[in-house]
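Now for the letters of each chain:
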Amino acid sequence: MSAHVFDLAMANPDRTREEMLSFGFASAIGYRRGGREPNATAISERLRKTNDQEEFDVTRQLALAPLEVGAAFLGLDARTLFQRFAVWRRQFADLATISELTDLRSTAYGPSQFVTLGAEDLLHFLVRGNLERRDRGLQRLRAVVADEVGPEDLNARWVAGHILQFVDEAWAGSVWNPTILPPSVPSVVRQTFASGSPAVVTLWEPQRNLLASTPSPLNGNVTRMVLAVPTSGGKTLMAQLLAANFLAESNRSVCYVVPTRSLGREVRRAMARRVRMLQKEAGPELPDYPTLWDLMTFDGGNDEPSDVDVMTPERLVQLIRHDASGTLDRYGMFVFDEAQLLKEQGRGFALESAISALDLLTRETDHRIVLISAAMGNVGSIAQWLSPNGAALVNESDWRGPRRLHAVFNTDADWELTSVESGAGTVWPFRHTTELKGLIRLRLANGQVTTLSTQGDTGWRLVRKSKDGESGLNRRRSTEIARPRIMSLRQTWFGRSVTQVPFLWWPPRSSKPNPSLLPLQHRTRWSTQG
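What you are looking at is a predicted structure, and each value in this text was computed from that prediction instead of being measured.

## With respect to the overall build of the protein
The number of helices and strands found in the protein is 17 helices and 14 strands. The 530 residues of the protein split such that 50% are buried. Partitioning the intrachain contacts of the protein with sequence separation of at least 6 by distance along the chain shows that 70% fall at a separation of at least 24. When the accessible area of the protein is evaluated, it comes to approximately 25,700 Å², of which 49% is carbon and sulfur surface.

## Thoughts on the nonpolar core
Formed by 92 residues in total, the largest nonpolar core has its most connected members in Phe73, Phe85, Leu181, Phe193, Val254 and Val335. Beyond its immediate sequence surroundings of up to four residues, Phe193 is in contact with Val175, Pro198, Ala199, Val200, Leu237, Gln240, Leu241, Ala244 and Arg274. Core analysis: the next-biggest nonpolar cluster, separate from the first, contains 27 residues, Phe336, Ala339, Leu358 and Ala383 among them.

## Some points on the sheet that holds strand β6 (residues 393–396)
If you walk across this open sheet you meet the six strands as β3-β2-β4-β5-β1-β6, and the pairing is parallel. Each edge of the open sheet carries a strand with a single partner, namely β3 (308–311) and β6. Each adjacent strand pair in this sheet contributes to an overall mean axis angle of 15°, direction not counted. By the bridge criterion, five bridges tie strand β1 (residues 224–228) to strand β5 (residues 368–373) in an arrangement that is parallel. In the sheet register, Ala228 faces β5, and the bridge partner there is Ser373. Relative to the sheet, helix α17 (residues 379–386) contacts β1, β5 and β6, its axis offset from that of β1 by approximately 165°.

## Describing the packing of helix α3 (residues 37–49) against helix α4 (residues 65–75)
The angle between the axes and the distance between the axes are what describe a pair of packed helices. The interhelical angle for the contact between α3 and α4, taken along N-to-C directions, is 135°, at an axis separation of 7 Å. Here α3 is positioned oblique relative to α4, judged by the angle of their axes. Here the hand of the crossing between α3 and α4 comes out left-handed. On α4, the residues that touch Ala40, Thr41, Ser44 and Leu47 of α3 are Ala71, Leu74 and Gly75. Taken together, the residues of the contact of α3 with α4 break down into four nonpolar, three polar and no charged.

## Some remarks on the side chain of Arg133
Within the fold, Arg133 resides in helix α7 (residues 131–145). With near-sequence residues (within four places) excluded, Arg133 lies in contact with Glu120, Asp121 and His124.

## A closer look at the pattern of salt bridges
Under the definition given, this model contains 25 salt bridges. Ionic pairing is found between Arg208 and Glu37, a salt bridge with its closest N-O pair at 3.7 Å. Of the two residues, Arg208 is situated in helix α10 (residues 205–211) and Glu37 in helix α3; the sequence distance between them amounts to 171 residues. Look at Arg208 and you get partly exposed, because its relative accessible area is 21%. Residue Glu37 is classed as buried on the basis of its relative accessible area, which comes to 7%. Asp57 serves as the salt-bridge partner of Arg60, at 3.2 Å between the closest nitrogen and oxygen. Taking relative accessible area as the criterion, Arg60 reaches 71% and is therefore assigned exposed. We classify Asp57 as buried; its relative accessible area is 19%.

## Re unusual backbone geometry
Following Thr214, the chain continues to Pro215 via a peptide bond in cis, the omega torsion being 0°. Among the secondary structure elements, Pro215 is positioned in the loop between α10 and β1. Here the phi dihedral of Leu76 falls at roughly 50°; this positive angle occurs in a residue that is not glycine. The residue Leu76 is located in the loop between α4 and α5 (78–98) in this model. Here the phi dihedral of Asp147 falls at roughly 60°; this positive angle occurs in a residue that is not glycine. We classify Asp147 as partly exposed; its relative accessible area is 33%.

## Notes on the pairing of strand β11 (residues 461–466)
Burial analysis of β11 places five of its six residues in the buried class, the great majority of the element. By the bridge criterion, six bridges tie strand β9 (residues 430–443) to β11 in an arrangement that is antiparallel. Opposite His432, over in β11, you have Arg464 as the bridge partner.

Parameters at a glance
Residues numbered from 1 in each chain as written. Predicted model: local features only at pLDDT ≥ 70, side-chain atom pairs only at ≥ 80, totals over all residues. Heavy atoms only, no water. Helix = DSSP H or I, 4+ residues; strand = E, 2+ residues; numbered from the N terminus. Buried < 20%, exposed > 50% of the residue type's maximum accessible area, 1.4 Å probe, protein only. Contact = heavy atoms within 4.5 Å. Areas by Shrake-Rupley, 256 points an atom, 1.4 Å probe, with all protein chains shown as cover. Core = buried A, V, L, I, M, F, W, Y, C linked by side-chain atoms within 4.5 Å. Pairing = 2+ DSSP bridges. Axes fitted to C-alpha atoms, helices over the stretch in contact; angles between N-to-C directions. Parallel < 35°, antiparallel > 145°, perpendicular 65-115°, else oblique. Left-handed = near helix turned anticlockwise from the far one by under 90°. Nonpolar A, V, L, I, M, F, W, Y, C, P; charged D, E, K, R; others polar. Salt bridge = Lys/Arg side-chain N within 4 Å of Asp/Glu carboxyl O.

Shown next, in the form of structure tokens:
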């Protein structure tokens, strides 16, 4: 929750750069330690884009330097971070050279320099598994926390302390961690993800849980898998990791099955970038139904077969019908994305036919079949169908990456504080004025709802009229609005500016609704994403 609060506080455009960096770092570290890594990445990217300087000079803005370095580090965008750290390191080195010093430890720049160098060391450790850089980075950051470098710098100590606590958590999800990827996984596979495009510095919770499960999905003896992870939970990266490890160990190809050609193009581009470091290639886009020439040259073409082929279920069914043995000789792993489409009456038949045929043909072989879905409610039944002996590896997760905070704002009347005044008119002589307070109902991603209300007098009023001064005092009924025009107010909750019209109106029974007036209740709804 604190990460969300700081996230929303950044929405105020009047905040200074130091405030934005402070709130941004606090929000990012909260998201990272709370298991909401995508939100932390979004915070760092937002801070980078809102920087009005082409290149931040850490030696010219000393107070901002630790905050800028810390917020950038928590983004864990390795490709960009290595470049930025190199620039900042040279800026400190140039200043030390001018000052005829080995480093800036004894100067006011010392804490900022050591935070920068320590964060860079830890980035090398997380991306490349360099233990020597880890030890050096920890030593530098601990020196800042212990006030052993330069004069006291609260920002530098704050940033260094949080990074020290975070690095162990980041290592728990690193591809270099032997408890995540077994030592049998080749280093080139780890490097493919840690230094590939996009770089994967730390794995998300469902990915860590899958790789740490027993038996491991990377174990060659596991030939059937059913993975159910919500959208934005990292299921595509899981499939890439399984495919890359298989390609590094085998001389056969991977068949990646997707329901649509548009999704196939996205998967093909992502796989091509990911397997390039393995010196593997993704095949070209192919039609759903192979031509006669395609079928005749499936085995005997002169071209080297692709390492990863992305196709629809219809194409795979045609290949199996034409030459099942040739298909199995070529592909050793079959990945079926969006496997919940099995239930569709139309195309679900083609998908089910392909999976059933492969399952029947490969029960005595080492071919792997992986089903991935974001909306599969009957995971256990699908796993039992795929592997009746119960040998299928099943992994379910309800974790979602971008955590959303939904909110509805409206007003509520405090009927006990209604005041009555006379002299309002001849037909309706009494005016009833009721104070209004603001209510915010927050709904988190897990469905939990929290209600917050304003404190004190908001200045908002509900005005009604009556003939006797008593009728309607405690009933939600009025005849007209006290103010003829909409009262537009701006209030701020957690830094999120909201325009709210506190306006209630009920027409009299004998009159027709006035189309120029507003309905019973005006609500403002918004959604925030990290």
